[in-house]
Amino acid sequence: MEVSETRFNDPKLRGLAYQAALILVLGGLIAFGVYNAYGNMIARGIPLGFSFWNEVAGFQINLHLIPYSAMSTYGRAFWVGLLNTLLVGAVSIPLATAIGFAIGAARLSPNWLLSRFALAYTNVLRNTPLLLQLLFWYNAVLRTLPGPRESLTLHNIVFLNNRGVFLPLPVPRQPAISFALSLLLAVALVAVFRLWAKRRQERTGALSPVFGFAAAAMIGLPALAALATGAPFSFEMPKLSGFNLKGGVQVIPEMAALVFGLVTFTGAFIAEIVRAGILSVPRGQFEAAGALGLHRGLAMRLVILPQAIRLIIPPLTSQYLNLIKNSSLAVFVGYPDLVQIFAGTVLNQTHAAVQVMAITMAVYLAISLLVAAALNAYNASQALRER
Amino acid sequence: MTSGELPTRRDQDDVAIAFVGVHKWYGSFHALRNVNLRVRRGERIVVCGPSGSGKSTLIRCVNGLEEHQRGSIFVDGVELTRNIRRIDEVRREVGMVFQTFNLFPHLTVLENCTLAPIWVRKIPRREAETMAMALLERVKIPEQAAKYPGQLSGGQQQRVAIARALAMSPKIMLFDEPTSSLDPEMVKEVLDTMRALAEIGMTMIVVTHEMGFARQVADRVVFMDNGEIIEINAPDPFFDDPKHERTRLFLRQILH
Amino acid sequence: MAQSIAYVRESSEPEDLPPDLYQGAVAWLKTNLFSSMASSLTTLVFVGLMIWVVPPLVAWATTNAVWAAPDGEACRQHQDGACWAFIGAKFDYLRFGSYPSAERWRVNVTEAIGGAVILWLLWPNARRRGIAALLFFFAYPILAFLLVHGSERLGLPIVDTLLWGGMFVTLLTALVAIVFSLPLGMLLALGRRSQLPVVRLAAVIFIEFVRGVPFITVLFMANTMLPLFLPEQWTPDRLLRPLVGIVLFSAAYMAEEVRGGLQAIRRGQYEGAMALGLHYPLMMALVILPQALAVVLPGIVNNFVGLFMDTTLVSIVGMTDFLEAMNNAFKDPVWSGPSVTTTGYVFAGMVYFAFCYSMARYSAFVERSLAKGRSA
């Protein structure tokens, strides 16, 4: 049999040849693109550098956690947007987790009505577009609320109207310091008690009421401090003044709609993850724990949940990432997040598309990579040791 | 003759487990039909039968893993009802070894054995660990104490499962096909462990296909088919001279 | 009481029915609704909630609703009911956008053919799926483009992409994305698993980059940057830009799905193919990829569901999809009003739900039947 002995049949050389070809092609494409971009940008008068960062923005933002005005720079606008994105994430992630775990547990409940309700919830919310849900909350719910003068109210503490959700703002007073100290003291005491209780169990086998003690300490000590030195907070209530409510914390309807939509939507996905995690612990584990005499609560705590949590954490963090990425839909409801401010208004005004998009995407990439790295570290530390 | 009467006071001291007119259904499937059986303390019972005969269901009723719908089950004098307290009480005194081991993969071998004594019997940790190490010595794998179940062979895992069940100092041990998931070369080590247990007088009910083991160790062999107890006898008469037609058929099939 | 140790059964036990307490409607209620204090309380709370919430909702959708009206007046008067009349009036716009009515038959034909091919492709145990795949990935896109866009040579008047809108655009977007992103995703997956470091690096960078950023930024990037990176004469059509973005975005996620499927194929399959003398492309095309795709079909369908829901975002770059068409319809002063908005969103939700839920059920069905087939 005549087999060609040419160099080309050597897999190693072939590999190198393919790779060289790929580098050439990709390099060529990139060079072509950059060349065109350079020419086009100059022709259309688009700035090439990052000088726009220090130019005056000239537009208002209706929610800013740091000082900002129309005279601030585009750079400052970037930071305002980034902080707003992080704010939405920080508020939504705990709420979505809470809802997700609750609905996930409900799915596993022996009560038929409860589990069917949870099933309907997850099915409906996972199969309608998030944007539709956001628009629904924003247009069909929050904007149809009455004006401030006819706000819906809960005992004049919480107000709901078409300008947003108004909550009382806690204003720290002088005794707040002793209040905070008493809280810290309570936490320290609980930690010490837990240690002591563990030692006691190891020595004598007896169990101590850790939960009861913790509850008593965390509530009792601060309460004592408040009684002794006075109320640590006074609440600034929203009050009707003129045509609007003044004072208190105002959650603008854009943020309320975004948070509501993200929390309910992501919660549905988290519920499925929780349910799948608990169900994937083999039934035999539950039986073995029961056969040893562990009652349901102990079996859950010592055997089932430790195994389920391992399976839940990876997809859970991926949902958190999805939530942060999905918060970019803020642009559709007018919430001033990073995309809406920077990739929206700033890009439109400066036309510096390449720079603006590069920065925006870099931010999201950084967040994704950070979370992925943290997850990998966690997984490595928790992997079940096998042969 | 198995007795259908309730255990009398005198009997109770002697009887470890009593099934009285027990029926169990899975949905509308009649899985256990009028089971009557008395197991005395220190007795070793082997239950055999074709698959689907109800033998696993039978022993799983003893520690409440399955619920019976008619009749009564008495374990160590306590009647098993749907009362969770009673069930937990019973489970403390009854140890169970499963076909699929069911060791807790996130705990070490030692922790598997000390979990229940610490949290259920409230034994101090050091004492529990000493006890557990002694048991691991008895099942001949003390060097594996710090390893995780996933790092052990099947035979070793099942021996750990036996040690774990024994750590609760049970009065009765139940074995649900303990060697059916093992490779042939590991079956012997597990059977030897069970044999040693039988020799010190543990009350045991073993569901198994290992007829050699049954012959050597059992006081009585119970044959079940279709949810009913068909025949009970001492091992030698049972294997050498089966009386019921179905017993004969079954033995012909498995002793080839 | 002396007992003989031996026992032999004399008569058979009759089969019996479980006691009433354990079967029938009462038993079901007891176990599922009232098994404990907590459960009973929950049941009562839910029943109460349902009594409070369900009748008004049903009334809103049926008895109080306005079913037919020439304009929005009736709906503004009856705020407590749905305005189905609005849906009826706007139905064609929601389906076709501003596509000229004389040419709408072309859209219908394209959708019908597409539906038929997809049905063939996805039907359980369909025969000669390979032909369906070839049709779907090669012939159908060309045919669809010609029909919908138009072509002078075939005598079909050109319809400008500006006029395209509604459900037709949603379906088009989703389908284009699938047709192009699946092959691209396969290439990327193979690239990621490649032994050649440069190839693997390129694939990994692309996939992780695209998966790490929000979809909307990809759309923005395609919309604003594509014209910059190409010479003036090649400026892509305003419809083409977001389509490119969607295809690239979807390809990265497809790549991960396919990669999972490739990893699930046992090493023995590769070895068997290699032992037969099949070189890499043949081995992949004939042995590995067909198996991998069968395994990941549920995942791919799930991706498609996500894609279908993501099409709602294209309105940000000026495309009029179904949801955007609905939003536009709201602005019609003849009809606008709060009950119209609510009705519109509810209707849109039902449409999306119907599509996505049935696709999800199909994917679960495929997954189950594959699991059955494999556990031999």
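Residues numbered from 1 in each chain as written. Chains lettered and ligands numbered in written order. Predicted model: local features only at pLDDT ≥ 70, side-chain atom pairs only at ≥ 80, totals over all residues. Heavy atoms only, no water.

Draft legend 1. Main features of the overall build of chain A. Helix and strand counts for chain A stand at 12 helices and eight strands. Scaling as 2.2 N^0.38, a compact globule of 387 residues should have a C-alpha radius of gyration of about 21 Å, whereas chain A reaches 28 Å, well beyond that. In chain A, which comprises 387 residues, the proportion classed as buried is 44%. With the model as given, the accessible surface of chain A reaches about 20200 Å², and the carbon-plus-sulfur share is 69%. (Helix = DSSP H or I, 4+ residues; strand = E, 2+ residues; numbered from the N terminus. Rg over C-alpha atoms; globule rule 2.2 N^0.38 Å. Buried < 20%, exposed > 50% of the residue type's maximum accessible area, 1.4 Å probe, protein only. Areas by Shrake-Rupley, 256 points an atom, 1.4 Å probe, with all protein chains shown as cover.)

Draft legend 2. Spatial organisation of the sheet that holds strand S1 (residues 7–8) of chain C. With respect to topology, seven strands assemble into an open sheet ordered S6(B)-S7(B)-S8(B)-S3(B)-S9(B)-S10(B)-S1(C), the strand pairing being mixed. One side of each edge strand has no neighbouring strand; the edge strands of this open sheet are strand S6 (94–97) of chain B together with S1 of chain C. Relative to strand S7 (residues 172–176) of chain B, S6(B) runs parallel, the two sharing four bridges. Across the sheet, the residue bridging to Val94(B) is Ile172(B), located in S7(B). Helix H3 (residues 84–93) of chain B rests against S6 and S7 of chain B of the sheet, and its axis sits at about 70° to S6(B). (Pairing = 2+ DSSP bridges. Contact = heavy atoms within 4.5 Å. Axes fitted to C-alpha atoms, helices over the stretch in contact; angles between N-to-C directions.)

Draft legend 3. Summary view of the state of the cysteines. Residues and elements named next belong to chain B. Taken as a whole and judged by the stated rule, the model has one disulfide over all chains. No disulfide involves Cys61; its sulfur sits 18 Å from that of Cys48, the nearest cysteine. For Cys61, a relative accessible area of 1% translates into the label buried. (Disulfide = S-S within 2.5 Å.)

Draft legend 4. Examining the packing of helix H9 (residues 215–229) of chain C against helix H10 (residues 240–264) of chain C more closely. All names here are of chain C. Two elements in contact, H9 and H10, have axes separated by 8 Å at closest approach and are oriented at 135°. In this view, H9 runs oblique relative to H10, as classed from their interaxial angle. Crossing angle aside, the handedness with which H9 passes H10 is right-handed. Where H9 approaches H10, its residues Phe215, Val218, Leu219, Ala222, Asn223, Leu226 and Pro227 are matched on the opposing element by Arg241, Pro242, Val244, Gly245, Ile246 and Phe249. Residues belonging to the contact of H9 with H10 are distributed by class as follows: 10 nonpolar, two polar and one charged. (Parallel < 35°, antiparallel > 145°, perpendicular 65-115°, else oblique. Left-handed = near helix turned anticlockwise from the far one by under 90°. Nonpolar A, V, L, I, M, F, W, Y, C, P; charged D, E, K, R; others polar.)

Draft legend 5. View of the interface of chain A and chain B. Residue-level contacts link 29 residues of chain A with 31 residues of chain B. Between chain A and chain B, a total of about 2700 Å² is buried, with carbon and sulfur atoms accounting for 62% of that surface. In this assembly, chain A and chain B are joined by two salt bridges. For Glu202(A), the salt bridge goes to Arg125(B), with nearest N and O atoms at 3.1 Å. At the junction of chain A with chain B, the criterion picks out five residue pairs in polar contact (both at pLDDT 80 or more). Contributing elements (two or more residues each) for the side of chain A that touches chain B: helix H5 (176–204), helix H8 (283–291) and helix H9 (296–326) of chain A. Taken together, the residues of the side of chain A that touches chain B break down into 12 nonpolar, nine polar and eight charged. (Buried area = accessible area lost by both parts, 1.4 Å probe. Salt bridge = Lys/Arg side-chain N within 4 Å of Asp/Glu carboxyl O. Polar contact = N/O pair within 3.5 Å; in protein donor to acceptor, adjacent residues only side chain to side chain.)

Draft legend 6. Local environment of the packing of aromatic side chains. A full pass over the atoms with the stated rule returns 29 aromatic pairs over all chains. Ring geometry for Phe78(A) versus Trp79(A): centroids 5.1 Å apart, planes at 75°, classification edge-to-face. Residue class for Trp79(A) comes out partly exposed when judged on its relative accessible area of 45%. Consider the rings of Phe136(C) and Tyr140(C), whose centres lie 6.5 Å apart with planes at 10°: the pair is stacked. Taken as a pair, Phe136(C) and Tyr140(C) lie in helix H6 (residues 129–149) at a separation of four residues, close to a single helical turn. Tyr140(C) matches Phe136(C) in its accessibility class, with the two residues each being buried. Here Lys24(B) stacks its cationic end above the ring of Tyr26(B), 4.6 Å away from the centre of that ring. Here the basic side chain of Arg211(C) rests over the ring of Tyr253(C), its NZ or CZ set 5.4 Å away from the ring centre. (Phe/Tyr/Trp six-rings, centres within 6.5 Å; stacked < 30°, edge-to-face > 60°. Lys NZ or Arg CZ within 6 Å of the ring centre and 35° of its normal.)

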